[in-house]
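What follows is the residue order along each chain.
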Amino acid sequence: MSKPLQLAILISGNGSNLQAIIDAIELGKLNAQIKVVISNNSAAYGLVRATKHGLNTWVIDHRDFENREQYDTVLQHYLESVAADYIVLAGFMRILGPAIIKAFAHRILNIHPSLLPAYKGLNTHQRALDDGVTQHGVSIHLVTAELDDGPIICQARYPVEAGDRIEDLQTRGYRLEHRMYPQVLGWLSDSKLTIEGGQLFYEQALLEQPISFDP
Ligand code: GRF
């Protein structure tokens with residue numbers, strides 16, 4: 001087996017996507033190693049999850065810094081010391097500035113609860129319901145300097161029914177998210193997906209038989 005994909009995972013809250021990645025690794029479905037879990041929030045439940053599984057955790061609290069640049073500089077310093085293949089944003093509620101994104105160009109992934117480019121930013125479910133959409137979904141993308149804007153790696157959609165509430169969309173979305181992140185990381189780990197210069201190259205078999213996450 002090839003060397004496990006080395007990951008740094010950044011969280012701010014519950015960490016259910018982190019848990020899905022941990023579970024996939026422990027079940028032998030994903031050849032990866034989580035080198036560290038970093039949170040800007042010391043109360044993030046994801047830190048408890050990480051500790052339970054014996055993972056290294058660091059809290060770098062943005063409130064300890066005067067501005068975004070200072071925070072990003074320290075975060076970059078820590079991330080460089082980890083030498084991860086990929087930095088995985090999994091509910092990390094901080095916008096990263098251009099310098100740190102450039103430092104790890106094409107190596108930062110994010111998961112976003114909408115079908116990008118629709119509904120960038122926050123409150124995606126409420127805005128989708130307000131617009132009366134019939135399809136909503138999840139995107140995993142490369143992080144660039146524009147918010148929720150980088151090349152899309154993988155998307156999955158689910159139907160929105162009349163009378164749905166935010167919680168219904170959350171439930172459907174999470175069901176997909178928890179399959180998608182381990183799957184995408186698995187593609188990277190198995191070199192079924194390679195990223196060069198911000199361009200995505202998928203193994204032919206993946207293109208011929210795209211894996212469907214539709215519920
Ligand atoms: C997810 O909905 C993800 O799409 C968004 O933040 C949420 C994180 O959830 N970026 P969790 O902390 O992984 O449970």
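Residues numbered from 1 in each chain as written. Predicted model: local features only at pLDDT ≥ 70, side-chain atom pairs only at ≥ 80, totals over all residues. Heavy atoms only, no water.

Asker: In this structure, what is going on with the overall build of the protein chain? I would like to understand it.
Answerer: Looking only at helices and strands, one finds seven helices and nine strands in the protein chain. Considering only C-alpha atoms, the protein chain reaches an extent of 45 × 40 × 35 Å along its principal axes. By residue count, 47% of the 215 residues in the protein chain fall in the buried class. Pairs at least 24 apart in sequence give 62% of the contacts found in the protein chain among residues at least 6 apart. Taken as a whole, the protein chain presents about 10,800 Å² of accessible surface, with 50% of it coming from carbon and sulfur. (Helix = DSSP H or I, 4+ residues; strand = E, 2+ residues; numbered from the N terminus. Buried < 20%, exposed > 50% of the residue type's maximum accessible area, 1.4 Å probe, protein only. Contact = heavy atoms within 4.5 Å. Areas by Shrake-Rupley, 256 points an atom, 1.4 Å probe, with all protein chains shown as cover.)

Asker: Help me out: how do you make sense of the side chain of S16 in this one?
Answerer: For S16, the position within the fold is in helix α1 (residues 16–26). Side-chain polar atoms of S16 contact the side chain of H178, separated by 2.8 Å. (Polar contact = N/O pair within 3.5 Å; in protein donor to acceptor, adjacent residues only side chain to side chain.)

Asker: Could you clarify how one ought to interpret helix α2 (residues 45–52) in this entry?
Answerer: For an α-helix the count is 3.6 residues per turn, leaving residues at separations of three or four pointing the same way. Listed as buried for α2 are G46, L47, R49 and A50. Summarising the axial view, the buried residues of α2 lie within an arc of 160°, below the 170-degree limit, and thus occupy one face. Where α2 is buried, its residues touch β1 (5–11), α1, β2 (32–39) and β3 (57–59). Just past α2, the residue G54 takes up positive phi, approximately 70°. (Arc of directions from axis to C-beta.)

Asker: What exactly am I supposed to notice about the site of the ligand here?
Answerer: In the vicinity of the ligand, the contacting residues are N14, G15, S16, N17, G91, I111, H112, P113, Y174 and E177. The backbone of I111 places a nitrogen or oxygen atom 2.8 Å from a nitrogen atom of the ligand. When the ligand sits alone it has 370 Å² of accessible area, and the protein chains cover 86% of it. When contributions to the shell around the ligand are tallied by element, the ones reaching two or more residues are α1, β5 (108–112) and α6 (166–189). For the shell around the ligand, the residue count by class is three nonpolar, six polar and one charged. (Near = heavy atom within 4 Å. Nonpolar A, V, L, I, M, F, W, Y, C, P; charged D, E, K, R; others polar.)

Asker: I tried to follow the packing of α1 against α2 on my own but got confused; where do I start?
Answerer: Describing two packed helices takes the angle between their axes plus the distance from one axis to the other. One can describe the packing of α1 onto α2 by two numbers: an axis separation of 9 Å at closest approach and a directional angle of 15°. When the axis of α1 is compared with that of α2, the two are roughly parallel. For α1 against α2, the interelement crossing comes out right-handed. Seen from α1, the contacting residues are S16, L18, Q19 and I22; seen from α2, they are G46, R49 and A50. A class-by-class count of the residues in the contact of α1 with α2 yields three nonpolar, three polar and one charged. (Axes fitted to C-alpha atoms, helices over the stretch in contact; angles between N-to-C directions. Parallel < 35°, antiparallel > 145°, perpendicular 65-115°, else oblique. Left-handed = near helix turned anticlockwise from the far one by under 90°.)

Asker: Explain the nonpolar core to me, please; I cannot follow it from the model alone.
Answerer: In globular proteins that are soluble, nonpolar side chains generally tend to be buried together. In terms of nonpolar packing, the biggest core is built from 40 residues, with L7, I9, I21, L109, I153, Y181 and L185 touching the most fellow members. When residues in this core are grouped by element, the largest group, eight residues, is from α6. In contact with L7, not counting residues within four places along its chain, are I21, A32, Q33, I34, K35, V36, A84, Y86, V88 and L185. By size, the runner-up hydrophobic cluster in this structure holds 19 residues, among which are I38, V82, L96 and I100. (Core = buried A, V, L, I, M, F, W, Y, C linked by side-chain atoms within 4.5 Å.)

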